[in-house]
Each structure stands twice: as structure tokens, then as C-alpha cells.
Amino acid sequence: MDSPQNVLLASDGLQVGVDGVRRSSTVICAPIMAESVDKMVIDMGKAKALGADLVEVRLDHLKDFNCNEDLKILIKESPLPTLVTYRPKWEGGQYDGDEKYRLDALRLAMELGADFIDVELQVPTIGLVMGEKGLISRILCAKFGGFLTFGSLDSGIVSAPGQPTIKNILHLYNFRQIGPDTKVFGIIGKPVSHSKSPMLYNEAFKSVCFNGVYVHLLVDDIAKFLHTYSSKDFAGFSVTIPHKEAALECCDEVDPVAKAIGAINCIIRRPTDGKLFGFNTDYVGAISAIEDGLKGSHNSVSLTGSPLAGRLFVVIGAGGAGKALAYGAKQKGARIAIANRTYDRARELADTIGGDALSLADLDNFHPEDGMILANTTSIGMQPKVDETPISKHALRSYSLVFDAVYTPKMTRLLKDAKESGAIVVSGLEMFIGQAYEQFERFTGLPAPVELFRRVMDGSS
Ligand code: NAP
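Just so it is clear, the model here is predicted, and its values are computed rather than measured. (Residues numbered from 1 in each chain as written. Predicted model: local features only at pLDDT ≥ 70, side-chain atom pairs only at ≥ 80, totals over all residues. Heavy atoms only, no water.)

Describe the packing of aromatic side chains, listing the residues and the values that go with them.
A complete count under the given rule lists 19 aromatic pairs for this structure. Summarising the aromatic geometry, the rings of Tyr201 and Phe205 are spaced 6.4 Å apart at their centres and angled 45° between planes, so their arrangement reads as tilted. Remark: Phe205 and Tyr201 occur in helix H6 (residues 197-207); sequence separation between them is 4 residues, near one turn of the helix. For Tyr201, a relative accessible area of 1% puts it in the buried group. Looking at Phe205, the relative accessible area reads 0%, which means it is buried. Ring geometry for Phe225 against Phe237: centres 5.6 Å apart, planes inclined by 80°, an arrangement best described as edge-to-face. Residue Phe225 is located in helix H7 (residues 222-228), and its partner Phe237 is located in strand E9 (residues 234-239); the two are separated by 12 residues in the primary sequence. Accessibility classification places Phe225 together with Phe237 in one group, the buried group. One aromatic cluster in this structure is built from Phe185, Tyr201, Phe205, Phe210, Tyr214, Tyr437, Phe440, Phe443 and Phe453. (Phe/Tyr/Trp six-rings, centres within 6.5 Å; stacked < 30°, edge-to-face > 60°. Helix = DSSP H or I, 4+ residues; strand = E, 2+ residues; numbered from the N terminus. Buried < 20%, exposed > 50% of the residue type's maximum accessible area, 1.4 Å probe, protein only.)

Right under this line is the structure:
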């Protein structure tokens, strides 16, 4: 704390310590709040005599303010550097007039040589967050009234990390259509930047004139994320790796099928009370794509019910997608075996659903019968590690159909090997399109533009 003994008034008006050394660059600013220009000039002199470093000229306290003339006098006559403030009532000041006049006065003060002007946070803020997590700030500023967003000319040539290209801002996120009433949707995942969902949904929203925007949401902790983004403006989410199981716990209500699977991939926020509802649309898309693949085959056993009935269905993976596939195939009458890196998870899922469990290492030697169905639901083989595969090529001879949930790339190493081994192959893209139809309808209440979905996804693969 300052005491009279250890501060001196320096001749230049700066306070220094007893040893004459000023150790801080922090300045002392005196607010000048007189009602007339003449009195302000007197108070500025007093401020200097008392040792202030700077004067804050509070224009909003002047009774009669002649902008041009008075600013010239105040800035010219000030014996100290000047900070000019014109505080509006909405920020606790005295000024109650036209906002443009106020800002013009501050601009003029700068031109006339004021050293600083004080601008309220609400007026100039451009809040952009760096990196992948900050992408939504660069897109949703259009909804929340931001002044500008930065768009790079080419991808990778950025002035700050996380800048999207102008092309993506305009054409991937439909920036010009985003406004205060736009509903926000997004895909929650980690990693998530590879997801094609924003491209698909934004294109689809535009095609049916739905006022929504769909963004990538790189999230570490889904519970914290949902707690933070709790506004009704954030109307719905897709959920992907690794959050599908944790997401279920965050919902106020969960669809019974999703509850049985133990994972969700879609959350809807009820507009009336903000409550969160969880669904699983993964299994419908995947199982119907596999059934379609088998129906096209002459070796299909069942010509009436599901062609999956009675088949041995081997699922690699015991996460969200694995559970969805295993549950869906079981519903169709298939016998289930689960192979997983973490054997205990395979065992747990197999016990819940009624089936066998294997470790991933056992998979190459697992061929109890021919004509089995294989479904990879791990991320093995996903970009960028496109040379990886969860099973050796020779083991694929026992399978008549191989499905891969990975859809980047469309033809994974697993599917290429399977095709060369004579199996029918079904791409994860089919599952993606199938689950997306249903999510779109839940998000918008409108029928999904089916042809557009297929066209967009085929074009992107
Ligand atoms: P998840 O819940 O996190 O489960 C991941 C599963 O993959 C776990 O069984 C995990 O084994 C296994 N795994 C992960 N990395 C592995 C590795 N390097 N080696 C061996 N096993 C590994 O994820 P998810 O939501 O089920 O998604 C899984 C994959 O399916 C992702 O690639 C996702 O993109 C894809 N997917 C596609 C669609 C589509 O529409 N096509 C839909 C949903 C999911 P542990 O138990 O040992 O950890």
C-alpha cells in the first residue's frame, strides 16, 4: 500500500519511489467530469499538478457539447496525454443520443490527436477463437452479430490457426444465410474434422430452405459441452467417435432401442423446455445396407424374411457402432460373434446380446463355417491410415459379405481385400447415408432429400 513516506512527487508529474526509480509502467489516469469545457481545462491542470499521467475526458458529462470546436480545445489545452470517453447510458454513462453521432465524435477525437479513445466492449468486439475448436466462432459470428470473420484465399494459407477458406465459409456453411434466428446443429466427435456431415446437412438444409447451419464440433468432454451450449439455439447434434456412449448418459430421455444398444448418435433438444432426447439411427442404415447387399446375391439363404436370419454375423469392435450392428443383426435373427481389441468389452457385449466373444488376435483363425458376414466397426483403415486392416486377407475367404463402417475412404483396404476374395462388399457410405436420412428428419421435421444425399456423398467420396 502507498504511504506518504515512500512516494515522492516528481517534477515531471510521475510518482517515483524514494530511490527515484519508477518500477512500473502503469499510468495513473484522472477522470475529468466537469459540465463545461472551461472547467475541464482547469481540472486537467489540477490532475497534472497532483501527479496524474493521463486525463480521461468524459464528453458525456458536458452540458453543451459542440463536437468539433470543444474537442479541439480539450485536446489542445490538455497538459497531459488524453483518453477521450463518450460513455452511453447503456454502459453506465450520461450520453443518451444517437449512436452514430457518439462514434463519429470518438473518431474525430482520434483525428484531432487524442492519445486514446475508450470504446465499449459491446461495440467493437471481434471474438474469434484459434484452432479447430474455435471454428464455430468463425462461422457462428454471423448468427451472433460479429463484425467480421477471416476467410483464407486457399486452404493452408492462413494468418491464424483454424481459419476456414472463403469458399468453405460461403459454400460449405452457407454463411450468407446465417442470421440471428438460424438454428445450430453439429457433429460432436474427436477427431471430427474428417466428417462429411456438415457438407451433407448444409447442402440439404439449403435445398429445402431450412434455416439451420451444421458445424464440426471438436469436443473433449461431451457432458461439459452440452452443459455449456445449453441454449435452445443449439437445436440438435450428431454424435460420433468416441462420445456415443457417454452421450446417452447426458440425455433427459433416450429412445428404448438406443437404450438397449447402449449408445446414441443423435440428440434433439426439445424447443419447449430444452430437454435432450437421444436416438440411435446407426443400426437402421447399416443393417438395411447389408440386407440389400445380400438380397442382390444368389447365395442368400432366406428369400422371404431377412437374409440375415440364421447367418453367423461377426462384428469387429464393441463401441457405439459395434453395439448398434450387433443389436440390429440379432434383431434380424443372426447369430452373433464379437471380436474386439479389448477382449473384456467383447465379452460384455456378447453376454448382453447373446453371442460369442473373441479377441482381435483370434479373428484370423476363426472360421467355424463358410458364408459368414463380417462387419468392421472400428476405425482401423480410416484416413490417413488407409493401409491398415483388422483381418488378414486369407481369413476373408470364409465370409460371403463384408461391411466396413469406415467411409473415408469409400473403398477401404478391408473392402478391397474382401472383393478380391470373392465377397460382396458394402461400404460405410451406405450406412452413413441411411443414418443421415433419419437424423435429417428429426432435426428439421421435413422429409430428407434422398437423391441429394446420395449425390452429395457420391460426389465427395
Ligand atoms: P467407439 O465407440 O469409440 O468404438 C471404437 C471401437 O473401435 C472400439 O471397439 C475400439 O476397441 C475399436 N478400436 C479403435 N481403435 C482401434 C485400433 N487401433 N485397433 C483395434 N481396435 C480399435 O467408436 P464408434 O462410434 O463405434 O465408431 C467406430 C468407427 O465406425 C469409426 O471409424 C466411425 O467413423 C465409424 N462409423 C461409421 C458410421 C457410418 O455411418 N458409416 C457410423 C458410425 C460409426 P477398444 O474397445 O479396444 O477400445
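Outline the layout of surface pockets, listing residues and values.
The computed volume of the largest pocket comes to approximately 920 Å³. Considering the residues around the largest pocket, the lining is formed by 39 residues, among which Ile241, Ala321, Thr377, Thr378 and Ser379 are closest to the centre. Contributions of two or more residues to the lining of the largest pocket are made by H6, E9, helix H8 (244-250), helix H11 (320-331) and helix H14 (428-444). Taken together, the residues of the lining of the largest pocket sort by class into 15 nonpolar, 19 polar and 5 charged. (1 Å grid on protein atoms, 1.4 Å probe; cavity = no way out; pocket = protein on both sides within 12 Å on 5 of 7 lines; lining within 4 Å. Points joined across faces, edges and corners; volume = space filled by probe spheres on them. Nonpolar A, V, L, I, M, F, W, Y, C, P; charged D, E, K, R; others polar.)

Could you give me a rundown of the site of the ligand, with the residues and numbers involved?
In the vicinity of the ligand there are 26 residues, among which Gly320, Ala321, Asn340, Thr342 and Arg345 approach most closely. Within the backbone of Ala321, a nitrogen or oxygen atom sits 2.7 Å from an oxygen atom of the ligand. Between the ligand and the protein, one listed contact pairs an oxygen atom with a side-chain N or O atom of Thr342 at 2.5 Å. Cavity membership is defined here by more than half of the atoms lying within 2 Å of grid points; on that basis the ligand lies in the largest pocket. (Near = heavy atom within 4 Å. Polar contact = N/O pair within 3.5 Å; in protein donor to acceptor, adjacent residues only side chain to side chain. Sits in = over half its atoms within 2 Å of the grid points.)

Account for the pattern of salt bridges, with residues named and values stated.
In the structure shown here, the tally under the stated rule is 23 salt bridges. Residues Asp104 and Lys100 are paired through a salt bridge, measuring 2.9 Å at the closest nitrogen-oxygen approach. Placement of the pair is Asp104 and Lys100 together in helix H3 (residues 99-111), with a separation of 4 residues, close to one helical turn. (Salt bridge = Lys/Arg side-chain N within 4 Å of Asp/Glu carboxyl O.)

Could you give an account of helix H13 (residues 413-420), naming the residues involved and the relevant values?
Restricting attention to buried positions, one finds in H13 the residues Leu414, Leu415, Asp417 and Ala418. Within H13, the buried residues cover an arc of 160° as seen down the axis, which keeps them to one side. Exposed and oriented more than 90 degrees from the buried face of H13 are Lys419 and Glu420. Contact partners of the buried residues in H13: strand E16 (372-376), strand E17 (399-404) and strand E18 (424-426). Where H13 ends, the next residue or the one after it, Gly422, has phi of about 95°, a positive value. (Arc of directions from axis to C-beta. Contact = heavy atoms within 4.5 Å.)

Outline the packing of H6 against H14, listing residues and values.
Across the interface, H6 lies against H14 with an axial gap of 11 Å and an inter-helix angle of 50°. Taken together, H6 and H14 sit at an angle that is classed as oblique. Crossing hand, H6 versus H14: right-handed. For the pair formed by H6 and H14, the contact residues are Ser197, Leu200, Tyr201, Ala204 and Phe205 on the first element and Phe432, Ala436, Gln439, Phe440, Phe443 and Thr444 on the second. Its residues assigned to classes, the contact of H6 with H14 comprises 8 nonpolar, 3 polar and no charged. (Axes fitted to C-alpha atoms, helices over the stretch in contact; angles between N-to-C directions. Parallel < 35°, antiparallel > 145°, perpendicular 65-115°, else oblique. Left-handed = near helix turned anticlockwise from the far one by under 90°.)

Would you mind going over the nonpolar core in detail, with residue names and values included?
One finds Ile290, Leu308, Phe313, Leu325, Ile336, Ile338 and Phe403 to be the most contacted residues of the largest nonpolar core, which totals 32 residues. Elements supplying a minimum of two residues to this core: helix H10 (282-295), strand E13 (312-316), H11, strand E14 (335-340), helix H12 (343-353), E16 and E17. Counting residues per element, this core draws most heavily on H10, which supplies 6 residues. Contact partners of Ile290, with chain neighbours within four places excluded, come to Leu308, Phe313, Leu325, Ile373, Leu401, Phe403 and Val426. In terms of nonpolar packing, the next biggest core, distinct from the first, is built from 30 residues, Leu217, Val219, Phe234 and Leu276 among them. (Core = buried A, V, L, I, M, F, W, Y, C linked by side-chain atoms within 4.5 Å.)

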